[in-house]
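# Working through the structure, step by step
Residues per chain are reported as follows:
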Amino acid sequence: MSPAAFYPTATDYLRFLPELILTIGGVLLLVLEALTGDHKDKSKLGYLAAAIVVGAMFAVPVALANPGASFNGMIVSDGFAAFFRMVTLLVGLFTLLCSTSYLSREKANTGEFYLLVLFSLAGQGIMAASNELIMVFLGLEIASISSYVLAGFLRDDKRGSESALKYFLLGSFATAFLLYGISWIYGVTGVTNLTAIRAALAAGTSAPSMVVAAAALMLIGLAFKVSAAPFQVWAPDVYQGAPAPVSGFLSAGPKAAAFAVFLRIFQTSFDSLSSRYEPVLWILALGTMFIGNFSALWQSNVKRMLAYSSIAHAGYVLVAVTTNSNVGTAAAMFYLAAYALMNYGAFAAITHLAGRHETHVTIDDLRGLAARQPVLAALLTVCLLSLTGVPLTAGFFGKFYIFKAAIDNHLYWLSALGLLNSAVAAYYYLRLLAAMYMYEPKTTDHPEPVPGGIQLTLWVSAAGILTLGVFPGLVLDYANRFATFVK
Amino acid sequence: MNLLAILLLLPLVGFAAALLLPGAVTRRFVLGFSLLIFAVSLLLIGTTQQTPAGMTWVTDTAWIDTPAIRFHIGVDGASLWLVILSTFLIPLAAFISGRTILHRQKEFYAYLLLLEFGLIGVFCSLDLFLYYVFWEVVLVPMYFLIGIWGGERRIYAATKFFVYTMAGSMLMLVAILYIYTKAGTFDLPAILLHMEAGKVAFTQPEELALFLAFFLAFAVKVPIFPLHTWLPDAYAEAPTAATLLMAAVLSKMGTYSLLRFNLNLFPRASHDCAPWIVTLAIVGIVYGALVALVQPNMKRLVAYSSISHLGFVVLGLFSGNQFGLDGAVYQMLCHAISTGALFVLIGYLQDRKQSLAIADFGGLATPAPHFATVFLIATLASIGLPLLNNFVGEFLILQGAAQANIWWAAFAALGVVLSACYMLWFYQRTFLGESRGEMADLRPSEWLAVTPLLLLMLWMGIFTQTWLPGISASNKVLLERPTSKIALQVAK
């Protein structure tokens, strides 16, 4: 390869623009944070970070307008990448909007938080767009390491520190699995580019058992990242212990990016193995739905319940992954977008309601919310009904498309059992609704006003949920168009 | 724009308006608005009655492109009356709640309109997916109606109601999706045409599985024994207006859907399963009646009597002949009116004494003679006295059942006898005997609420020609469809 071809071109940078903006913005914030005095209000840095994220959102269509592989095929800018970039950026924006008031309340309003969010988003963007295993690994690490710190951001909080440590130890362990799988694949095929791996496997020169082992190792690593059973045990502790806006972030953003990687690797490189891993994914999906939903039934802590519910939702997406089809991929994309809205909406409400030091996070603390703050309760209700999967919400169409894809691919039992699961799930979401609407308030204190950022997040997510609930085509048509990969 | 489409969207507009209006006027607004909707719904009758066999007031436009989901609605001679039943009972439910619903009025009345939106949608949807959407939409307002304004165990009852119904309907969703993969459309008339043309055919096990998936969802809703356990809790704990609507309209969602979907789409499986389902229906008839006999709580008593009466409807449907089907649809309407009246009256009794235990009442006929007379008429209607409405429905059903299998009619008739026992005994314990002090007689507003119901009982008992020709014509279409003609004739 001549040196001239090796150097990135201007188009390469355009295809990478969202991540560039995030990284440069993050570094800028780092400098600004050092320049502002220790006792100054750092909320402004949060707003600046939000502006950077919005800038990156505008860069996504720019990247999409220049489709193709860049940096020697390490990054690919396609509609699929653009979709997941947008979803993760939206989650990031929500996180920043909800964090400024949260951090002020917890007296931990330092600028590092915001730049960690930006770096994590950059990592997730790389994951969404990577077409190469080393890039996958880099993106995953950038996203994860920032997330570990975010989970333990409240240093004086024991639960937060425990959460961060658990997340870090188990997360590293999972990454090691992934990396090990990558090294096997490299050993067997001699390449790390996803399409090149596909070609190498199609050539049939590599030992099948080695390839299967490599795929299995990578599957374990990714299953951990998306909190699929039996690799889900970290999720409840981490989401419960982490600061509420971070829990929302972790449950929606990195998970979506991990699913993007999952779909891309398994449908591009390991497509020829699909008949082997389909039964494994089948069991994984079913187990994840069951464990998530049934464990959530008994929780009294709302954050922990939402953690289990997020495991269950990962199970639904896995059903879509199991189909190994374009329809399934589109359904997974739609679902993850819907999930980002509804789950972050729920976490945004909890962020506010938890109160100082997050002392009010049990279901009983929600009692009488409808009487005290009817608008907040109504917005949270929209999110919860969507999580339940009631028609005319985005969550319903998400489930509908996933199970439609599953039935199109003859996964009848998985569909039937999965949908019955969502009836089980109705029970624990209803507990929250019942607490809000059907009990008298516990206190008569005047409720604290909802901070602007959290209000905005809630309104945006509720409006998005209802819009997608009536016109799902707005997102689904896009997903259908870009659910194919360069093979 | 099509009148039926307007009728369907009006409650949603009203719901939004009710949420925005100040709480002080919500009740009056919802009452007025729902009466307006009722008036609009009456305008449908003329056209539909002219050609009751086919679909009238059809709107058919694309809603979602992939997969092709259409906003396809219309009514025929049978579903028309169920739509009107919904629009008639919503204002009634709003009207009778004036005394009972004292806190959070705004939400209560708003939910009634949201419920109406779902109910009208269920009865006029002709697209399987659209239908499913409305089916689930009904759950949400009803969940809140029971859970917020219900009795002591309201949250338990509301949750049980929601989870049971949702679990039942999930398998239906799987079945709907499966039909889509086979037929390539969710559109019910299109699927039926494909089936007639032989373009879509289900193998026997396929058809049976699909039939059962739909059946389960509807059996929970009706409910059919042994899936009835949510009903006594929900009926007894709900506020009067919600009980009225559940007994009168929500249960009809199940029976109507059995008719519209199970019998239409899966004639062979309907035929094969008929003996089993009829057995369950008869068990329900007798079981409901026997449990009603020993209930100490009036609301629960009428709730169990509902299980018994709805067993008749299911029996009629699966008799698979003209008499049975006509009777079943007629009985859906009759049961709505007579049981609705009973629940309204029991609600009035509860207001007066703050109790539902039969033992707390007695000799009410002395202080409240008008109340006693009205209650007696409702009781007799429920028993099935000739000249009152239930008689016609039950007679037709038994006739149809006898045509199919004389034993079915014989066992089911046991239910008629038992209903006389439990209802008259209940009446005797409550209204007859020695007076136990004062109780207010029917107030003018209460008269206003029950009079239309009483008139309907008489009208439906005497002038059956108002309703039956349309119902018969639409049932005839089902019975004479080439795919179902032979299959639904149940062998002896």
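Here we summarise the structure given alongside this text. Just so you know, these numbers come straight off a predicted model, no measurement behind them.

Rules and cut-offs
Residues numbered from 1 in each chain as written. Chains lettered and ligands numbered in written order. Predicted model: local features only at pLDDT ≥ 70, side-chain atom pairs only at ≥ 80, totals over all residues. Helix = DSSP H or I, 4+ residues; strand = E, 2+ residues; numbered from the N terminus. Rg over C-alpha atoms; globule rule 2.2 N^0.38 Å. Buried ≥ 20, exposed ≤ 12 C-beta atoms within 10 Å, placed from the backbone. Contact = placed C-beta atoms within 7 Å. Pairing = 2+ DSSP bridges. Axes fitted to C-alpha atoms, helices over the stretch in contact; angles between N-to-C directions. Left-handed = near helix turned anticlockwise from the far one by under 90°. Nonpolar A, V, L, I, M, F, W, Y, C, P; charged D, E, K, R; others polar. Expected span 1.5 Å × (residues − 1). Core = buried A, V, L, I, M, F, W, Y, C linked by C-beta atoms within 7 Å. Parallel < 35°, antiparallel > 145°, perpendicular 65-115°, else oblique.

## Some thoughts on the overall build of chain A
Looking only at helices and strands, chain A has 21 helices and two strands in total. For chain A, whose C-alpha radius of gyration is 21 Å, the value lies close to the compact-globule estimate of 23 Å for 487 residues. Counting all 487 residues of chain A, 62% fall into the buried class.

## Observations concerning the overall build of chain B
A tally of regular secondary structure across chain B gives 20 helices and two strands. The C-alpha extent of chain B, read off along each of the three principal axes, is 70 × 55 × 40 Å. Looking at chain B as a whole, 60% of its 492 residues qualify as buried. Partitioning the contacts of chain B with sequence separation of at least 6, the portion at a separation of at least 24 is 80%.

## Remarks on the pairing of strand 1 (residues 56–64) of chain B
All names here are of chain B. As paired strands, strand 1 and strand 2 (residues 69–75) are joined by six bridges and run antiparallel to one another. The partner of Thr 61 across the bridge, within strand 2, is Phe 71. What sits between the antiparallel neighbours strand 1 and strand 2 is a turn of four residues.

## Brief notes about the packing of helix 15 (residues 322–353) of chain B against helix 16 (residues 369–383) of chain B
Residue and element names in this part refer to chain B. Running from N to C, helix 15 and helix 16 point in directions that differ by 145°, and their axes come no closer than 9 Å. As helix 15 packs across helix 16, the resulting crossing turns out to be left-handed. Note on element contacts: helix 16 touches helix 15 through Val 374, Phe 375, Ala 378, Ala 381 and Ser 382, opposite Ser 338, Thr 339, Ala 341, Leu 342 and Leu 345. Counted by class, the contact of helix 15 with helix 16 contains seven nonpolar, three polar and no charged residues.

## Details of the interface of chain B and chain A
In many reports, interface size means the accessible area that the parts give up when they come together. Facing the 25 residues of chain B at the interface are 24 residues of chain A. Looking at the side of chain B that touches chain A, the element that brings in the most residues is helix 8 (residues 154–183) of chain B, giving 14 residues. Its residues assigned to classes, the side of chain B that touches chain A comprises 18 nonpolar, four polar and three charged.

## Structural notes on the environment of Phe261(B)
Relative to the helices and strands, Phe261(B) resides in helix 12 (residues 240–265). Remark: the alpha-carbon pair of Phe261(B) and Phe211(B), spanning 50 residues in sequence, is separated by 8.9 Å.

## Quick word on unusual backbone geometry
Glycine aside, negative phi is the norm for most residues, and most peptide bonds take the trans geometry. Of note, the bond from Ala229(A) into Pro230(A) is cis; its omega dihedral lies within 30 degrees of zero at 0°. Residue Pro226(B) is bonded to the preceding Phe225(B) through a cis peptide linkage, with omega at 5°. In the Ramachandran plot, Leu392(A) falls in the positive-phi region, its phi being about 70° despite a non-glycine side chain. Along the chain, Leu392(A) falls in the loop between helix 17 (374–388) and helix 18 (394–408). Backbone geometry at Leu387(B) places phi at a positive 80°, although glycine is not the residue there. With respect to the secondary-structure elements, Leu387(B) resides in the loop between helix 16 and helix 17 (389–404).

## Digging into helix 7 (residues 133–151) of chain A
Taking 1.5 Å as the rise per residue, helix 7 of chain A with 19 residues should run 27 Å; its terminal C-alpha atoms sit 26 Å apart, in good agreement. Helix 7 of chain A sits mainly inside the fold: 14 of its 19 residues count as buried.

## Some words on helix 6 (residues 128–137) of chain B
All names here are of chain B. Burial runs high along helix 6: ten of the ten residues are buried. Considered for burial, the residues of helix 6 that qualify are Leu 128, Phe 129, Leu 130, Tyr 131, Tyr 132, Val 133, Phe 134, Trp 135, Glu 136 and Val 137. Buried residues in helix 6 make contact with strand 2, helix 5 (105–124), helix 7 (139–149), helix 8 and helix 9 (188–196).

## Looking at the nonpolar core
Within soluble globular proteins, side chains that are nonpolar generally end up buried alongside one another. Within the largest apolar cluster, 400 residues are counted, with the highest numbers of intra-cluster contacts made by Phe334(A) and Val174(B). Looking at which element gives the most residues to this core, the answer is helix 15 (residues 326–353) of chain A, with 21 residues. Apart from residues no more than four positions distant in its own chain, Val174(B) is found in contact with Phe403(A), Ile407(A), Ser415(A), Ala416(A), Leu419(A) and Ala213(B).

## What to know about the packing of helix 3 (residues 17–35) of chain A against helix 4 (residues 43–65) of chain A
Residues and elements named next belong to chain A. At a minimum axis distance of 8 Å, the contact between helix 3 and helix 4 shows a crossing angle of 165°. Here helix 3 lies roughly antiparallel to helix 4, going by the angle between them. With respect to the hand of their crossing, helix 3 and helix 4 are arranged in right-handed fashion. Counted together, Leu 17, Pro 18, Ile 21, Leu 22, Gly 25, Leu 29, Leu 32 and Glu 33 of helix 3 and Leu 45, Leu 48, Ala 49, Ile 52, Gly 55, Ala 56, Ala 59, Val 60, Val 62 and Ala 63 of helix 4 form the full contact between these two elements.

## So, the environment of Leu259(B)
Residues and elements named next belong to chain B. For Leu 259, the location among the structural elements is in helix 12. Under the C-beta neighbour-count criterion, Leu 259 is labelled buried, with 23 such atoms within 10 Å. Between the C-alpha atoms of Leu 259 and Ala 53, which are 206 residues apart in sequence, the distance is 15 Å.

## Here's the deal with the environment of Gly139(A)
Residue and element names in this part refer to chain A. As for its position among the elements, Gly 139 is in helix 7. Judged by C-beta crowding, with 25 C-beta atoms within 10 Å, Gly 139 ranks as buried. Taking the C-alpha atoms as reference points, Gly 139 and Phe 224, 85 residues apart in sequence, are found 16 Å from one another. In this structure, Gly 139 is in contact with Gly 123, Ile 126, Met 127 and Ser 130, ignoring residues within four places of it in sequence.

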